[in-house]
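The chain contents come next:
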Amino acid sequence: MSIGIDIVYIPRFAGKEKLATRILSKNELEIYHMRPNKEEFLAGRFAAKEAFLKAMKEGIGRVAFHKIDVVYKKDGRPEIHHDGNVYAVSISHDGDYAVAVVQIKE
Ligand SMILES: CC(C)(COP(=O)(O)OP(=O)(O)OC[C@H]1O[C@@H](n2cnc3c(N)ncnc32)[C@H](O)[C@@H]1OP(=O)(O)O)[C@@H](O)C(=O)NCCC(=O)NCCS
């Protein structure tokens with residue numbers, strides 16, 4: 001079993017439309033466009049993707065961020081879909097910071 005965690009500063013993601021297009025999956029980008037607080041959503045997704053890389057023991061650049069898809073389950077809980085596999089993720093934000101944790105069962 002492996003876990004990964006990442007924390008990010010939300011204001012860094014304000015107005016970052018290009019970054020959003022580059023790192024979000026198609027599904028995430030649709031949600032992003034509907035969200036009033038776009039930087040909070042983008043920051044949470046960025047943290048989730050970085051936490052996923054840590055849990056996978058991969059460096060940045062080895063896995064395309066837009067292929068790491070954070071999907072909401074019916075009950076609202078997020079999970080990560082990547083390369084046909086599903087992984088546990090938890091995301092939180094408060095004030096200026098967003099944090100995410102990913103668990104991978106090996
Ligand atoms: C999930 C919950 C604990 C969020 O707590 P919060 O302190 O307000 O917000 P946080 O910043 O810590 O967490 C927000 C993140 O939790 C995740 N989340 C949403 N619903 C969730 C759930 N049911 N379980 C786990 N995680 C959830 C999301 O990823 C969200 O971030 P995102 O909007 O950027 O994707 C709170 O909304 C809750 O108790 N939900 C229970 C289910 C519920 O009430 N559903 C609505 C029924 S009408």
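Everything discussed here concerns the structure shown above.
## Focus: the site of the ligand
Phase 1 of the analysis: Taken together, the residues surrounding the ligand are R35, R45, Y72, D75, G76, R77, P78, I91, S92 and H93.
Phase 2 of the analysis: The side chain of R45 places a nitrogen or oxygen atom 3.0 Å from an oxygen atom of the ligand.
Phase 3 of the analysis: With respect to the ligand, the backbone of D75 contributes an N or O atom lying 3.4 Å from a nitrogen atom.
Phase 4 of the analysis: Taken by itself the ligand offers 880 Å² of open surface, and the protein chains cover 40% of this.
Phase 5 of the analysis: Across the shell around the ligand, the residue classes break down as 3 nonpolar, 3 polar and 4 charged.

## Examining the pattern of salt bridges
Phase 1 of the analysis: Tallied over the full model, the rule gives 5 salt bridges.
Phase 2 of the analysis: Here K73 and E79 are joined by a salt bridge, their closest N and O atoms 3.9 Å apart.
Phase 3 of the analysis: K73 sits in the partly exposed class, given a relative accessible area of 31%.

## Description of the sheet that holds strand β4 (residues 85-94)
The strands that make up a sheet are held in pairs by hydrogen bonds between backbone atoms, and each pair lies either parallel or antiparallel.
Phase 1 of the analysis: Ordered in space as β1-β5-β4-β3-β2, the 5 strands form an open sheet in which the pairing is antiparallel. Because the sheet does not close on itself, it has two edges, and the strands there are β1 (2-9) and β2 (69-72). Sheet twist, expressed as the average angle between the axes of neighbouring strands with direction ignored, equals 30°.
Phase 2 of the analysis: For β1 and strand β5 (residues 97-104), the ladder comprises 8 bridges, and the chain directions are antiparallel. Residue G4 lies in a different strand from β5, and its bridge partner there is V102.
Phase 3 of the analysis: Packed on one face of the sheet, helix α3 (residues 38-56) meets β1, β2, β3 (78-82), β4 and β5 and runs near 150° to β1.

## Here's the deal with α3
Phase 1 of the analysis: Between the first and last C-alpha of α3 there are 27 Å, a value that for 19 residues agrees with the 27 Å anticipated at 1.5 Å per step.
Phase 2 of the analysis: Of all 19 residues that make up α3, 14 are buried, and the element is covered over most of its length.

## A look at the side chain of S2
Phase 1 of the analysis: Turning to its location among the elements, S2 is positioned in strand β1.
Phase 2 of the analysis: A polar side-chain atom of S2 sits 2.7 Å from the main-chain carbonyl oxygen of A55.
Phase 3 of the analysis: In this structure, S2 is in contact with K54, A55, K57, V102, Q103, I104 and E106, ignoring residues within four places of it in sequence.

Calculation rules
- Residues numbered from 1 in each chain as written.
- Predicted model: local features only at pLDDT ≥ 70, side-chain atom pairs only at ≥ 80, totals over all residues.
- Heavy atoms only, no water.
- Near = heavy atom within 4 Å.
- Polar contact = N/O pair within 3.5 Å; in protein donor to acceptor, adjacent residues only side chain to side chain.
- Areas by Shrake-Rupley, 256 points an atom, 1.4 Å probe, with all protein chains shown as cover.
- Nonpolar A, V, L, I, M, F, W, Y, C, P; charged D, E, K, R; others polar.
- Salt bridge = Lys/Arg side-chain N within 4 Å of Asp/Glu carboxyl O.
- Buried < 20%, exposed > 50% of the residue type's maximum accessible area, 1.4 Å probe, protein only.
- Pairing = 2+ DSSP bridges.
- Helix = DSSP H or I, 4+ residues; strand = E, 2+ residues; numbered from the N terminus.
- Axes fitted to C-alpha atoms, helices over the stretch in contact; angles between N-to-C directions.
- Contact = heavy atoms within 4.5 Å.
- Expected span 1.5 Å × (residues − 1).

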